[in-house]
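# Examination of the molecular architecture
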Amino acid sequence: MPATAALVYDPNSANWVEASEIAQRARPRSGSPVRKEIVTYQTRHKPGTIVIETGERRLYLVLDDGKAMKYGVGVGRDGFTWSGTHRITRKAEWPGWTPPPQMRKRVPDLPAFMPGGPDNPLGARALYIGSTLYRVHGTSEPWSIGQAVSSGCIRLTNDDVADLYERVQVGATIVVNH
């Protein structure tokens, strides 16, 4: 029997299963139309900083020696854009999702809470941004990468957000430019 900490809730089967089982099922839906790559990136920000250029639909993780890891992202649609500088205050694997009251008002049939898993809108990983309602999170809708479709959150494919999750520390600076 696997350790309890390695189990996640699978809404499809209504059972607790190993996280790797869900990750494996999510993989076919996780390919990004925009491949991550290391690029030359001159910035005043220190390594470990996340810089999101919403107009480019790209996220840059600042690396050493004038480089950055560049990822494709989905951003907030018209009326849901924002900018600012914050810190990553929390990270979670296969996070549960509680839609904010404003969202439930716009979309009344949303559940009050959705447990983590491949069908959860937050995807495989989430990085929580300061005291805001926003996150950098995964999605099982890879076609949304490069689009302005969210309610303000920054989304990456599940594969890309898992990669970013391993590279970013709680406390890292995040800069969102609009």
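Keep in mind that what you see is a predicted model, and the values were worked out from it rather than measured. (Residues numbered from 1 in each chain as written. Predicted model: local features only at pLDDT ≥ 70, side-chain atom pairs only at ≥ 80, totals over all residues. Heavy atoms only, no water.)

### Re the sheet that holds strand β13 (residues 173-177)
- Across the sheet, which stays open at both edges, the nine strands sit in the order β3-β6-β5-β4-β13-β8-β9-β10-β12 with mixed pairing between neighbours. With partners counted over all chains shown, the strands left at the sheet margins are β3 (37-40) and β12 (154-157), one partner each. On average, adjacent strands in this sheet sit at an angle of 30° to one another, irrespective of strand direction.
- Of the strand pairs in this sheet, strand β4 (residues 50-53) and β13 are connected by four bridges, and their pairing is parallel. Residue pairing across strands places I50 opposite I174, the latter belonging to β13.
- The strands touched by helix α3 (residues 158-167) within the sheet are β5 (58-62), β6 (67-72), β8 (84-93), β9 (125-129), β10 (135-139) and β12, with β12 carrying the most contacts at an inclination of about 105°. (Pairing = 2+ DSSP bridges. Helix = DSSP H or I, 4+ residues; strand = E, 2+ residues; numbered from the N terminus. Axes fitted to C-alpha atoms, helices over the stretch in contact; angles between N-to-C directions. Contact = heavy atoms within 4.5 Å.)

### A short note on the packing of aromatic side chains
- In total, this model carries two aromatic pairs according to the counting rule given.
- Ring centres of Y41 and Y60 lie 4.5 Å apart, and the angle between their planes is 15°; on these two criteria the pair is classed as stacked. Of the two residues, Y41 is situated in the loop between β3 and β4 and Y60 in strand β5; the sequence distance between them amounts to 19 residues. Of the two residues, Y41 and Y60, both sit in the buried class.
- The ring of Y165 carries the charged tip of R125 above its face, separated from the ring centre by 5.5 Å. (Phe/Tyr/Trp six-rings, centres within 6.5 Å; stacked < 30°, edge-to-face > 60°. Buried < 20%, exposed > 50% of the residue type's maximum accessible area, 1.4 Å probe, protein only. Lys NZ or Arg CZ within 6 Å of the ring centre and 35° of its normal.)

### Considerations on unusual backbone geometry
- The residue R57 is not glycine, and still its phi comes out positive at about 60°.
- Of note in this structure, W94 is not a glycine but carries a positive phi near 45°.
- Relative to the elements of secondary structure, W94 occurs in the loop between β8 and α2 (101-106).
- Relative accessible area serves as the criterion here: at 8%, W94 is assigned to the buried category.

### Quick look at the pairing of β6
- Among the six residues in β6, five count as buried, and that is most of the element.
- Of the pairings in the sheet, the one linking β5 to β6 comprises five bridges and is antiparallel in character. The partner of V62 across the bridge, within β6, is A68.
- Taken together, β5 and the strand that follows it, β6, pair antiparallel across an intervening segment of four residues, in which D65 is found at a positive phi of about 60°.

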